[in-house]
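# Overview (structure and organization)
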Amino acid sequence: MTATTPSTATPFVRKDNASQRRLADAVATGLLWTAALGIVLLLAVFIGYLLYLGAHVISWHFLTAPPSEISAGGGIGPEIFNSFYILVLTLIFTVPVATAAGIYLQEYARPGLFNSTVQFCAESLATIPSIVMGLFGLIVFVQVLHWHFTALGGALALTLLNLPALMRVTQEGLASVPQALREGSMALGATKWQTIRRVVLPGSIAPLTTGIILIAGRIIGETAVLIYTAGVSVSPGRSAFNWNPFHPAETLSVHLWYTHSEGLVPDAVDIGNGSALVLLLIVLVFNISARILGRGLSRHFTGK
Amino acid sequence: MLSTEPVTTPVRATKLEVKDLNVFYGEFQAIKDASMDVPENRVTALIGPSGCGKSTFIRALNRMHDLSPGVTVKGHVRLDGQDIYGKDVDPVTIRHRIGMVFQRPNPFPKTIYENVVYGPKIHGLSDRRKLAEVCERGLRRAALWDEVKDRLNESALDLSGGQQQRLCIARVLAVEPEVILMDEPASALDPIATSKIEDLIGELKRDYTVVIVTHSMQQAARISDFTSFFLLGDLIEIGTTSEVFTKPKDKRTEDYITGRYG
Ligand SMILES: Nc1ncnc2c1ncn2[C@@H]1O[C@H](COP(=O)(O)OP(=O)(O)OP(=O)(O)O)[C@@H](O)[C@H]1O
Ligand SMILES: [Mg+2]
């Protein structure tokens with residue numbers, strides 16, 4: 001190696017070389033810092049612009065009233081409720097299945113045909129576009145099962161869409177726990193399950209929670225898959241809180257798309273901007289709480 | 001047991017009997033036909049150059065290789081005469097009886113207290129007062145009690161490396177194993193922490209059978225009663241520590257002891 005590249009063999013000799021390297025270091029640092037600053041600025045501008053467009057729309061009435069079909073002055077109360085309702089339903093379906101599958105693949109399955117088949121299927125599932133999954137939901141839940149547009153159908157389609165990601169999050173969380181801790185537990189006569197339950201899961205609770213909340217933020221913003229499954233309407237004449245999973249349940253993000261592209265109300269632009277702002281704030285809250293919670297949990301579970 | 005034994009014989013009961021042990025990583029054979037007897041209430045040291053298979057060998061003694069796919073173990077390891085690789089043997093109960101301390105301290109990311117009572121809890125002890133007793137006894141025997149008794153509810157990760165390793169020993173002692181395996185337990189520690197661990201091992205052999213891997217021949221000479229020498233997967237020689245160090249039977253052992261190997 002040294003024979004073929006004599007210039008690298010004497011790296012500490014020439015002075016100008018050192019100053020060159022210092023310059024390169026400064027340039028690299030500057031570039032990276034600028035890129036990072038750029039991202040921050042981009043987000044700030046984006047939020048600022050949405051605030052400018054949508055802040056004046058937001059009122060107690062707007063946040064709680066039902067939407068209006070024809071006249072101005074509709075609200076987004078049921079949509080906000082539906083967004084959270086479908087999210088909770090989706091998480092109830094997704095989290096147990098994804099966690100179980102992730103634990104199985106990461107902790108139990110030996111490398112082999114079955115393991116790689118499951119991984120391949122999960123990866124394929126993950127690449128299915130949201131709109132295609134929506135069409136699938138339309139055929140299965142709306143048409144074949146005759147549910148029509150329902151919160152449940154939307155949640156199930158979202159479950160299919162997000163299972164792979166959550167499974168991956170679980171696997172990565174579990175993989176972040178050092179093998180030495182598993183061995184330490186097993187060497188005390190613990191069973192595999194005891195080891196997973198008492199060492200591996202607590203050790204990965206922070207990445208798991210963070211991952212789940214981040215995915216929840218994504219689910220809240222899902223649109224295409226819900227247009228065909230949960231529908232673009234809320235049950236008229238009812239209160240904002242409709243707990244029946246077999247009723248249509250337009251979410252906030254669907255409402256945003258619908259008023260902008262199909263809406264007949266004269267204040268459609270305002271409603272759209274207001275909805276966008278609320279949606280953005282919700283997603284931001286999810287992301288921030290994911291960080292805070294993740295940090296708090298890891299401190300709690302490591303006894304620090 | 002001690003009282004029934006004639007005082008004159010130096011021979012102890014055999015706690016672990018290893019017979020024709022072979023370990024493979026895939027196709028690669030890391031241990032070749034190793035056989036040895038590990039006497040009860042004694043410290044047996046495993047020495048040899050890096051990569052000769054000491055860790056591989058010691059991990060076969062409590063079926064730790066079961067956890068890694070692609071590792072095959074052939075041969076017999078008998079604990080009090082019972083083959084731990086036998087058909088109906090549950091490796092979990094074997095590891096309960098044969099504990100292990102690892103090269104790098106690996107405390108759980110829990111409090112000091114939770115670390116020590118982890119094993120007893122897993123084996124069904126739930127009475128708080130008893131757990132507290134077990135915790136204190138374990139920490140005392142691991143010579144750590146005085147240093148941590150006021151901070152049992154702090155994270156074990158805040159301890160120094162040497163303290164963490166003694167905590168890991170306390171954690172093993174708390175499950176009352178019969179045999180304690182240690183794979184270079186002091187190699188990540190400074191001289192003071194090392195000598196504390198060495199003193200501790202001297203204490204432990206009163207109640208336990210200890211097998212220890214060490215890359216330091218001085219350490220083997222200081223703490224062990226028996227020494228076995230490994231080279232390239234072969235168990236070359238085993239004998240009392242003084243024999244192996246002063247008049248080794250095999251030329252290769254002598255070369256290693258006198259420093260003619262790397
Ligand atoms: N997981 C593994 N897969 C494949 N080969 C391995 C594995 N672990 C160890 N080996 C090989 O087996 C041989 C014995 O390794 P082992 O770790 O038992 O040596 P050692 O005596 O403990 O060495 P050291 O003193 O460096 O810890 C080495 O040649 C090593 O490369
Ligand atoms: Mg080793």
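Everything in this summary refers to the structure shown in the same document. (Residues numbered from 1 in each chain as written. Chains lettered and ligands numbered in written order. Predicted model: local features only at pLDDT ≥ 70, side-chain atom pairs only at ≥ 80, totals over all residues. Heavy atoms only, no water.)

### Side note on the overall build of chain B
Scanning chain B from N- to C-terminus turns up ten helices and ten strands. Taken against the 2.2 N^0.38 rule, which gives 18 Å for 262 residues, the C-alpha radius of gyration of chain B at 18 Å falls within 12% of a compact globule. Oriented by its inertia axes, the alpha-carbon framework of chain B measures out at about 55 × 45 × 45 Å. Here chain B holds 262 residues, and the buried ones make up 56% of them. A fraction of 66% describes how many contacts in chain B between residues 6 or more apart in sequence connect residues 24 or more apart. Just so you have it, chain B exposes about 11800 Å², and 50% of that area is on carbon and sulfur atoms. (Helix = DSSP H or I, 4+ residues; strand = E, 2+ residues; numbered from the N terminus. Rg over C-alpha atoms; globule rule 2.2 N^0.38 Å. Buried < 20%, exposed > 50% of the residue type's maximum accessible area, 1.4 Å probe, protein only. Contact = heavy atoms within 4.5 Å. Areas by Shrake-Rupley, 256 points an atom, 1.4 Å probe, with all protein chains shown as cover.)

### Some points on the site of ligand 1
Residues and elements named next belong to chain B. Around ligand 1 lies a shell formed by Tyr 25, Phe 28, Ala 30, Ser 50, Gly 51, Cys 52, Gly 53, Lys 54, Ser 55, Thr 56 and Glu 184. With respect to ligand 1, the side chain of Ser 50 contributes an N or O atom lying 2.5 Å from an oxygen atom. Within the side chain of Lys 54, an N or O atom sits 2.8 Å from an oxygen atom of ligand 1. In isolation ligand 1 exposes 630 Å². Once the protein is present, 58% of that is buried. Breaking the shell around ligand 1 down by element, the ones donating at least two residues are β2 (28–39) and α1 (54–60). Top contributing element to the shell around ligand 1 by residue count: α1, with three residues. Looking at side-chain class alone, the shell around ligand 1 contains four nonpolar, five polar and two charged residues. (Near = heavy atom within 4 Å. Polar contact = N/O pair within 3.5 Å; in protein donor to acceptor, adjacent residues only side chain to side chain. Nonpolar A, V, L, I, M, F, W, Y, C, P; charged D, E, K, R; others polar.)

### Some details on unusual backbone geometry
Despite not being glycine, His 148 of chain A shows a phi value in the positive range, around 60 degrees. Tracing the backbone through its elements, the reader meets His 148 of chain A in the loop between α6 (130–144) and α7 (151–175). Judged by relative accessible area, which is 52%, His 148 of chain A ranks as exposed. Unlike most non-glycine residues, Asp 20 of chain B shows phi in positive territory, near 45 degrees. Mapping Asp 20 of chain B onto the fold places it in strand β1 (residues 14–25). Overall, Asp 20 of chain B belongs to the partly exposed group, its relative accessible area being 36%.

### Overview of the nonpolar core
Leu 139, Ile 169 and Leu 204 of chain B are the most contacted members of the largest nonpolar core, which totals 62 residues. For this core, the element with the highest residue contribution is helix α3 (residues 112–122) of chain B, accounting for six residues. Phe 141, Leu 161, Val 254 and Ile 271 of chain A belong to the second largest nonpolar core, which has 44 residues in total. (Core = buried A, V, L, I, M, F, W, Y, C linked by side-chain atoms within 4.5 Å.)

### Some details on the pairing of strand β7 (residues 179–183) of chain B
All names here are of chain B. With five of five residues buried, β7 lies mostly within the body of the structure. Burial along β7 is two-sided: the residues Val 179, Leu 181 and Asp 183 and Ile 180 and Met 182 are all buried. Viewed along the sheet, the connection from β7 through helix α7 (residues 191–204) into strand β8 (residues 209–213) turns out right-handed. (Right-handed = clockwise from strand over helix to strand, strands pointing away.)

### Overview of the pairing of β8 of chain B
Residue and element names in this part refer to chain B. Within β8, five of the five residues are buried, which leaves the element mostly enclosed by the surrounding structure. Residues Thr 209, Val 211 and Val 213 line one face of β8 and the alternating positions Val 210 and Ile 212 line the opposite face, and both faces are buried. Bridging between strand β3 (residues 43–47) and β8 involves four bridges; their strand directions are parallel. Across the sheet, the residue bridging to Leu 46 is Val 213, located in β8. Sheet analysis places β7 next to β8, joined by five bridges and oriented parallel. Its bridge partner lying in β8, Val 179 is registered against Thr 209. (Pairing = 2+ DSSP bridges.)

### Points about the interface of chain A and chain B
Where interface size is quoted, it is often the accessible area lost as the parts come together. The interface of chain A with chain B comprises 22 residues on the first partner and 32 residues on the second. Counting the contacts that link chain A with chain B gives one salt bridge. With its nearest N and O atoms 2.8 Å apart, the salt bridge here joins Arg 59 of chain B to Glu 183 of chain A. In this assembly, chain A and chain B are joined by seven residue pairs in polar contact (both at pLDDT 80 or more). Listed by contribution, the elements that provide at least two residues to the side of chain A that touches chain B are α8 (179–186) and α9 (192–221) of chain A. Considering each element in turn, the side of chain A that touches chain B owes the most residues, six residues, to α8 of chain A. For the side of chain A that touches chain B, the class distribution of residues is ten nonpolar, eight polar and four charged. (Salt bridge = Lys/Arg side-chain N within 4 Å of Asp/Glu carboxyl O.)

### Notes on the side chain of Ser 224 of chain B
Residue and element names in this part refer to chain B. Mapped onto the fold, Ser 224 is located in the loop between α8 (217–223) and β9 (226–231). Here Ala 220 takes part through its backbone oxygen, which lies 2.6 Å from a polar atom of the side chain of Ser 224. Polar contacts involving the side chain of Ser 224 include one to the side chain of Thr 227, which spans 3.3 Å.

### Some thoughts on a nonpolar patch on the surface
Taken together, the side chains of Tyr 104, Tyr 108, Phe 114 and Trp 193 of chain A present a nonpolar region at the surface, about 450 Å² in accessible area. Of note, Tyr 104 of chain A is situated in helix α4 (residues 77–108). (Patch = residues over 30% accessible without salt bridge, like charges linked within 9 Å, V, L, I, M, F, W, Y side chains within 5 Å.)

### Topic: the pattern of salt bridges
Residue and element names in this part refer to chain B. Summed over all chains, the structure comprises 24 salt bridges over all chains. Salt-bridge contacts for Glu 176 lead to Arg 137; the nearest nitrogen and oxygen are separated by 3.5 Å. Separated by 39 residues along the polypeptide, Glu 176 in the loop between α6 (161–173) and β7 and Arg 137 in helix α4 (residues 128–141) bring together distant segments of the chain. The partly exposed category is assigned to Arg 137, whose relative accessible area is 41%. Among the salt bridges present, the one from Asp 225 reaches Lys 205, with a minimum N-O distance of 3.1 Å. Of this pair, Asp 225 sits in the loop between α8 and β9 while Lys 205 sits in the loop between α7 and β8, and the two are 20 residues apart along the sequence. Several salt bridges share partner residues, and in doing so they unite Lys 15, Glu 40, Asp 80, Arg 97 and Glu 178 into one network.

### Considerations on helix α5 (residues 113–127) of chain A
Residue and element names in this part refer to chain A. Along its 15 residues, α5 runs 21 Å from first to last C-alpha, staying within 8% of the 21 Å computed at 1.5 Å per residue. Every buried residue of α5 is listed here: Asn 115, Gln 119 and Ala 122. Here the buried residues of α5 occupy an arc of 65 degrees about the axis, which is enough to place them on one side. For α5, the exposed residues lying more than 90 degrees away from the buried face are Leu 113, Phe 114, Phe 120 and Thr 127. (Expected span 1.5 Å × (residues − 1). Arc of directions from axis to C-beta.)

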